[in-house]
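# Structure at a glance
These are the residues of each chain, in order.
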Amino acid sequence: PKHRMIEAILIINNYGQARLARFYNKPAFSEQKKIIQECFQLLSKRSDRVCNFLEGSSNSTWGKNVKLIYRHYATLYFVFAVDSSESELGVLDLIQVFVEALDKCFENVCELDLIFYADKVNYILDEIVMGGMVLETSLKQILHAVNGTLQAKKVTRGVVRAKKAHVLKRQ
């Protein structure tokens, strides 16, 4: 097995519904649902005054070598399941960068943005983490890359529409 810093990234609402679930160890779909449920059950019981990480245990779905590091913002839990050797504060900073990038792209992100603009949320996450490894932590660089990708997509759509219009006029 390849060493990954991050096993999974989850965004779960206050009702236990996953709004984003990215697993880097590729468990079966039924296992993913079980993991999301277990995470929600563990996190939703915790007070907002306790620390934002849980060590793995042998009876958890993740096992001993994975810890859950999370932040609870309004109606959403942002959860990173990481290798037990990772720095809790480093991962909390990474969650903060992810949330700030979402906030900048959506001008005060809310749960509905995650539902209706899932592709954009995934672009943002892809700029930060790929294959369970951190790619970028600079908010400025992430926003620059995401805006460039989205701009290129708009230009491509415009070119395709122009070609379609041109083809339709010729007929």
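Just above, that's the structure.
Residues numbered from 1 in each chain as written. Predicted model: local features only at pLDDT ≥ 70, side-chain atom pairs only at ≥ 80, totals over all residues. Heavy atoms only, no water.

## Looking at the packing of helix 2 (residues 88-106) against helix 4 (residues 118-128)
At their nearest, the axes of helix 2 and helix 4 sit 10 Å apart, and the two run at 140° to each other. With respect to helix 4, the element helix 2 is oriented oblique. At the point where helix 2 passes helix 4, the crossing takes the right-handed sense. Contact residues: Leu-94, Phe-98, Ala-101, Leu-102, Cys-105 and Phe-106 in helix 2; Lys-120, Val-121, Ile-124, Leu-125 and Ile-128 in helix 4. (Axes fitted to C-alpha atoms, helices over the stretch in contact; angles between N-to-C directions. Helix = DSSP H or I, 4+ residues; strand = E, 2+ residues; numbered from the N terminus. Parallel < 35°, antiparallel > 145°, perpendicular 65-115°, else oblique. Left-handed = near helix turned anticlockwise from the far one by under 90°. Contact = heavy atoms within 4.5 Å.)

## Topic: the side chain of Glu-38
In this structure, Glu-38 sits in helix 1 (residues 29-44). The side chain of Glu-38 sits in the buried core without any salt bridge; Lys-34 is the nearest counter-charge, 6.4 Å away. Non-local contacts of Glu-38, meaning those with residues more than four positions away in its chain, are made with Ser-60, Thr-61 and Trp-62. (Buried < 20%, exposed > 50% of the residue type's maximum accessible area, 1.4 Å probe, protein only. Lys, Arg positive; Asp, Glu negative; His and termini not counted. Salt bridge = Lys/Arg side-chain N within 4 Å of Asp/Glu carboxyl O.)

## Focus on the pairing of strand 4 (residues 66-73)
Note: strand 3 (residues 53-54) against strand 4, 2 bridges, orientation antiparallel. Among the inter-strand pairings, Leu-54 is bridged to a residue of strand 4, identified as Leu-68. Relative to strand 5 (residues 76-83), strand 4 is paired through 8 bridges, and the arrangement is antiparallel. Among the inter-strand pairings, Tyr-73 is bridged to a residue of strand 5, identified as Leu-76. Taking the residues that link successive antiparallel strands as the turn, the strand 4-strand 5 hairpin has 2 residues, and the phi of Ala-74 there is positive, at about 45°. (Pairing = 2+ DSSP bridges.)

## What to know about the sheet that holds strand 4
The strand order 2-1-5-4-3 describes an open sheet built from 5 strands, whose pairing is antiparallel. Lying at the two open borders of the sheet, with one neighbouring strand each, are strand 2 (18-23) and strand 3. Lying on the sheet, helix 1 is in contact with strand 1 (6-13), strand 2, strand 3, strand 4 and strand 5; it crosses strand 1 at an angle near 65°. In this fold helix 2 packs onto strand 1, strand 3, strand 4 and strand 5, with an angle of close to 40° to the strand it touches most, strand 4.

## Examining the pattern of salt bridges
The tally for this structure, following the rule as stated, stands at 3 salt bridges. The partner of Glu-88 in a salt bridge is Lys-67, with the nearest N and O atoms 2.8 Å apart. Residue Glu-88 is located in helix 2, and its partner Lys-67 is located in strand 4; the two are separated by 21 residues in the primary sequence.

## Quick look at helix 4
Regarding helix 4, the residues found buried are Val-121, Ile-124, Leu-125 and Ile-128. The buried residues of helix 4 occupy one face: seen down the axis, they fall within an arc of 95°. (Arc of directions from axis to C-beta.)

## Details of the packing of aromatic side chains
According to the stated counting rule, one finds 5 aromatic pairs in the structure shown. Taking 6.3 Å as the distance between ring centres and 80° as the angle between the ring planes, the aromatic pair formed by Phe-40 and Tyr-77 counts as edge-to-face. With Phe-40 in helix 1 and Tyr-77 in strand 5, this pair connects stretches of sequence that are 37 residues apart. Given the relative accessible area of 18%, Phe-40 is considered buried. The exposure class assigned to Tyr-77 is buried, which follows from its relative accessible area of 7%. Aromatic ring contacts, followed pair by pair, group Phe-40, Tyr-70 and Tyr-77 into a single cluster. One Lys or Arg, Lys-120, reaches over the ring of Phe-106 and ends 5.1 Å from the middle of that ring. (Phe/Tyr/Trp six-rings, centres within 6.5 Å; stacked < 30°, edge-to-face > 60°. Lys NZ or Arg CZ within 6 Å of the ring centre and 35° of its normal.)

Read these as geometric descriptors, not functional statements.
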